[in-house]
Amino acid sequence: MKLVKLIANLGYGSRKQVALMFREGRITDAAGEVLYADDAVGHADVRVDGEPLDPPQGLLLLLHKPVGYTCSTKDPGRVVYDLLPPRFRLRNPSLSTVGRLDRDTSGLLLMTDDGALLHRITSPKAMLPKIYEAALAEDLRGDEAAIFASGTLMLESEKTPLAPAGLEVLEPRRAQVTLVEGRYHQIRRMFAAVGNHVHSLHRHRLGGLGLDGLAPGEWRLLGDADRARLFDTTL
Ligand code: URA
């Protein structure tokens with residue numbers, strides 16, 4: 001791929017703007033030699049204003065989503081993209097969230113520009129467990145684990161019952177829930193179906209990945225070892 005296109009696709013500017021950056025000598029190699037738009041140089045050897053390029057196409061990142069941010073690009077309020085470098089919003093192919101967390105849910109959120117990888121993670125076939133902690137308005141009754149595990153729980157306006165889900169009671173009003181699917185507001189609606197209400201919800205695990213000490217609002221790029229852990233459900 002031509003350097004102009006590669007750099008424009010990373011969100012540094014339109015092709016016209018990137019062409020101007022070349023003319024201004026802002027694009028160099030690792031040794032500081034000015035590059036020209038038709039030079040054949042690998043991604044790792046390019047610098048913009050002396051800084052290495054943003055990660056190439058195929059990135060996967062893990063964000064600790066704080067409460068109050070939506071996963072949409074269009075919401076007029078705070079969106080998860082506000083927590084990333086502004087250029088990431090302009091990338092082509094675009095960066096998408098892998099599934100969604102509600103505005104009021106915090107925790108582990110993956111984002112990628114790799115459509116095939118996104119599909120592989122969210123596909124029902126992958127059966128990747130998603131583990132949440134829910135704080136509840138009412139004491140648990142005691143029958144919720146059996147109802148969630150039944151595979152017959154039907155949520156309002158849904159056509160098929162939910163897949164079996166796990167529930168572990170942590171305290172009378174605190175539970176850990178494990179899902180292998182992701183329907184709209186699923187956990188909030190599951191607790192509503194058993195006469196309870198979710199006060200707060202946090203996802204701390206997806207497949208074999210955890211937040212590993214990332215604070216709310218922090219993110220990190222995932223490498224090959226993380227990707228292997230993601231799909232390792234024996235962890
Ligand atoms: N279930 C919900 O209700 N909300 C989420 O964000 C995730 C799962």
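Residues numbered from 1 in each chain as written. Predicted model: local features only at pLDDT ≥ 70, side-chain atom pairs only at ≥ 80, totals over all residues. Heavy atoms only, no water.

Heads up, the condition is: UniProt positions are given in the numbering used here, feature names are shortened, and annotations may be inferred rather than shown by experiment.
Going by an unreviewed UniProt entry, the chain carries the name Pseudouridine synthase and comes from Arenimonas soli. Entered under Sequence similarities (unreviewed entry) in the UniProt record, the comment concerning the chain runs "Belongs to the pseudouridine synthase RsuA family." Under the heading Catalytic activity (unreviewed entry), UniProt records this for the chain: "uridine(516) in 16S rRNA = pseudouridine(516) in 16S rRNA".

1. Some remarks on the packing of aromatic side chains
Worth spelling out the cut-off: A pair of Phe, Tyr and Trp rings is counted when the ring centres sit within 6.5 Å of each other, with Trp represented by its six-membered ring. The angle between the planes then sorts it: under 30 degrees is stacked, over 60 is edge-to-face, the rest tilted. Labels follow the DSSP assignment, with helices taken as runs of H or I lasting at least four residues and strands as runs of E lasting at least two, numbered in each case from the N terminus. Relative accessible area decides the class of each residue, using a 1.4 Å probe on protein chains only: under 20% of the type maximum gives buried, over 50% gives exposed, and in between gives partly exposed. Look at NZ for Lys and CZ for Arg. If either is within 6 Å of the ring centre and within 35 degrees of the ring normal, a charge sits over the ring.
Here the structure, examined in full by the defined rule, presents two aromatic pairs. Plain terms: the ring middles of F148 and F191 are 5.2 Å apart, the flat faces sit at 75° to each other, and that makes the pair edge-to-face. Taken together, the positions of F148 in helix 4 (residues 144–149) and F191 in helix 5 (residues 186–193) put the pair 43 residues apart, joining distant regions of the chain. The exposure class of F191 is buried, given its relative accessible area of 0%. Seen from the ring of F88, R91 lies directly overhead, with NZ or CZ sitting 5.6 Å from the centre. The cationic tip of R120 hangs over the ring face of F231; the distance from NZ or CZ to the ring centre is 3.7 Å.

2. Some points on the UniProt feature "domain: Pseudouridine synthase RsuA/RluA-like" (unreviewed entry) in the chain
UniProt records the feature "domain: Pseudouridine synthase RsuA/RluA-like" (unreviewed entry) for residues 60–193 in the present numbering. The span residues 60–193 carries 16% helix and 26% strand; its end-to-end C-alpha distance comes to 35 Å.

3. Notes on the environment of L6
Let me state the cut-off plainly: It only takes one pair of heavy atoms within 4.5 Å for two residues to be counted as in contact.
Its location among the elements puts L6 in helix 1 (residues 3–9). Not counting residues up to four positions away in its chain, the partners in contact with L6 are M1, H43 and L53.

4. Thoughts on the site of the ligand
Counted only if it meets this: Throughout this document, a residue counts as near a molecule or strand when at least one of its heavy atoms sits within 4 Å of that molecule or strand. As used in this structure description, the phrase polar contact means that two N or O atoms lie within 3.5 Å; if the pair is within protein, one of them must be able to donate a hydrogen and the other to accept it, and residues adjacent in sequence are counted only when both atoms belong to side chains. Note on areas: these come from Shrake-Rupley sampling with a 1.4 Å probe, and a residue is covered only by the protein chains present in the view. As a working rule, the residues Ala, Val, Leu, Ile, Met, Phe, Trp, Tyr, Cys and Pro are called nonpolar, Asp, Glu, Lys and Arg charged, and the rest polar, with Gly in that last group. Segment limits for the domains were obtained from an automatic or database-derived domain assignment.
All residues in the neighbourhood of the ligand are listed as L101, D102, T105, Y132, H185, Q186, I187, R188 and L201. T105 has a polar side-chain atom sitting 2.9 Å from an oxygen atom of the ligand. In the complex, the protein chains occlude 96% of the 240 Å² of accessible area that the ligand would expose alone. With three residues, the single largest contributor to the shell around the ligand is helix 5. Its residues assigned to classes, the shell around the ligand shows four nonpolar, three polar and two charged. Each of domain 2 (60–124 + 208–230) and domain 3 (129–206) accounts for three or more of the residues forming the shell around the ligand.

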